[in-house]
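Read off the chains here:
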Amino acid sequence: MTHNLLGPEPTLLPEHTAAQAALDAGTDPSAVAAEHPDFSAAWAALAEQALSDGETVAAYAYARTGYHRGLDQLRRAGWKGFGPVPWSHRPNQGFLRALAALGIAAGRIGETDEYDRVKTFLNDSDPAAGEATGLK
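Attention in this report is confined to the structure presented alongside it. (Residues numbered from 1 in each chain as written. Predicted model: local features only at pLDDT ≥ 70, side-chain atom pairs only at ≥ 80, totals over all residues. Heavy atoms only, no water.)

Details of the packing of aromatic side chains
Which entries qualify depends on this criterion: Each Phe, Tyr or Trp ring, with Trp reduced to its six-membered ring, pairs with another whose centre is within 6.5 Å; inter-plane angles below 30 degrees give stacked pairs, above 60 give edge-to-face pairs, and intermediate values give tilted ones. Under the DSSP-based scheme used, a helix requires at least four consecutive residues in state H or I and a strand at least two consecutive residues in state E, with every element numbered from the N terminus.
Scanning the entire structure with this criterion turns up 5 aromatic pairs. Judged by centre distance (5.8 Å) and plane angle (15°), the rings of Trp79 and Phe121 are stacked. You can see Trp79 sitting in the loop between helix H4 (56-76) and helix H5 (90-108) and its partner Phe121 sitting in helix H6 (residues 112-125), a full 42 residues away along the chain. Grouping aromatic residues by their ring pairs yields a cluster made of Tyr67, Trp79, Phe95 and Phe121.

Structure (structure tokens):
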């Protein structure tokens, strides 16, 4: 990712060590989300599973929750509504995955304006996120 020297610094979300360790160990994402409701990666995992199970409305709800929890954290980390959110920083990936799942679910339910906004937001955050999530 190239950084615009005149633009804002990349935003890096804080680590959620215990929550990430639980997910990495194979703990059910719903249990992780219940114990760590601000952990976007758990919501993203729930959304991705719901998408793969054909449960688009549930995926949309999970993804929107993860997206909003991530937005709260981005703002606390100094993000002003624009600027890079690097995919390479693992704590950012939960938010970016939730954002991508939101876009995919929005597309499946015919919310084309939201799909387009999400796709732009994801790729403006970091084009690598669009590549990694398939929403490019």
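Topic: H4
Quick reminder: α-helices carry 3.6 residues per turn. Residues three or four places apart thus point the same way. Counted only if it meets this: To estimate the expected span of a helix, count its residues, drop one, and scale the result by 1.5 Å. Throughout, exposure labels follow a simple rule: accessible area from a 1.4 Å probe, protein chains only, divided by the maximum for the residue type, with under 20% read as buried, over 50% as exposed, and the rest as partly exposed. The reported arc concerns the directions from the helix axis to the C-beta atoms and nothing else. Any two residues whose heavy atoms approach within 4.5 Å are treated as being in contact.
In this model, H4 (21 residues) spans 30 Å end to end at C-alpha, consistent with the 30 Å of a helix rising 1.5 Å per residue. Within H4 the residues assigned to the buried category are Thr56, Ala59, Tyr60, Ala63, Gly66, Tyr67, Gly70, Leu71, Gln73 and Leu74. Down the axis of H4, the buried side of the element spans an arc of 165°, and every buried residue falls inside it. Structural note: H4 exposes Val57, Arg75 and Arg76 on the side pointing more than 90 degrees away from its buried face. Summarising the contacts, the buried residues of H4 are in contact with helix H3 (40-52), H5 and H6. Immediately beyond the C-terminal end of H4, within one or two residues, lies Gly78, with a positive phi of roughly 100°.

Remarks on the pattern of salt bridges
Stated precisely, the cut-off is as follows: Within this document, salt bridges are pairs made up of a side-chain nitrogen of Lys or Arg and a carboxyl oxygen of Asp or Glu, the two lying within 4 Å of each other.
If you walk through the whole model with that rule in mind, you get 4 salt bridges. In this structure, the salt-bridge partner of Asp24 is Arg90, at a minimum N-O distance of 2.8 Å. Here the residue Asp24 occupies a position in helix H1 (residues 17-24), and Arg90 occupies one in helix H5, the gap between them amounting to 66 residues. Arg97 is the salt-bridge partner of Glu48, the closest N and O atoms lying 2.7 Å from each other. With a gap of 49 residues between them, Glu48 in helix H3 and Arg97 in helix H5 connect regions that are remote in the sequence. On the accessibility criterion, Glu48 (33% relative accessible area) is partly exposed.

Everything listed is a geometric property; what it means functionally is a separate question.
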